[in-house]
Amino acid sequence: MFSEELYERFKENLEGVNGECVRTSRAELGKTIADIYQKDGISSLCLGQSPLFEAAGVKAALESAGMTVHTDHVRKNAETDKGGVTENGYGIAELGSMMQMSDDVDGRIIATMSEHYIGVVKGSTIVPLYDDMFDILSEMPELPAYVGFITGPSRTADIECVGTVGVHGPIKLTAVIVDDA
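Residues numbered from 1 in each chain as written. Predicted model: local features only at pLDDT ≥ 70, side-chain atom pairs only at ≥ 80, totals over all residues. Heavy atoms only, no water.

**Topic: the sheet that holds strand E9 (residues 146-150)**
- Pairing in this open sheet of 4 strands is mixed, and the strands run E8-E5-E6-E9 from one edge to the other. Each edge of the open sheet carries a strand with a single partner, namely strand E8 (126-127) and E9.
- Sheet topology places strand E5 (residues 90-92) next to E8; 2 bridges connect them, and they run parallel. Looking at E8, one finds that Gly91 is bridged to Ile126. (Pairing = 2+ DSSP bridges. Helix = DSSP H or I, 4+ residues; strand = E, 2+ residues; numbered from the N terminus.)

Take a look at the structure:
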């Protein structure tokens, strides 16, 4: 189902809301994340472990790049770590959104407390339309404890109707799409 067209549509829509999007291979995933953070001067981050990250050696690649990587005590470390990385369940090309699905609170903390959040999505899990995501959810035998849509950096106009970035979440957001098919 994943195609160049789906990737380009996802990327265009995410960049339309000030997010960034890069594509990489599974073998280069750790290096890609390290490069993104090194450009921003980020040297300490929380990493939500996943089978993809373990298979790709992401933690080791980040540590080899001289970064401090916290995979536990996320509540304590997310407060001071500038970066945070989790794998997300799906991408939605129509919106440029990532869908976070988890029973674990650490992923939510990482996605909302990081100044620069990197969400990783397998290319094969990008669906064309918002409605497609609800079809997938309705077919699940049981919904995860948390389902959230992440579209671009946090923004609000709560304060005197002045647009502000980063009040309720990351100031910067990058989606890393992994070629996995």
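**A look at the side chain of Ser97**
- Examined against the element boundaries, Ser97 turns out to sit in strand E6 (residues 97-102).
- The exposure class assigned to Ser97 is buried, which follows from its relative accessible area of 1%.
- Side chain to side chain, Ser97 and Thr151 meet in a polar contact 2.3 Å long.
- Each residue touching Ser97, except ones within four places of it in the same chain, is listed here: Phe10, Tyr90, Gly91, Ile92, Ile150 and Thr151. (Buried < 20%, exposed > 50% of the residue type's maximum accessible area, 1.4 Å probe, protein only. Polar contact = N/O pair within 3.5 Å; in protein donor to acceptor, adjacent residues only side chain to side chain. Contact = heavy atoms within 4.5 Å.)

Any link to function would need more than the numbers given here.
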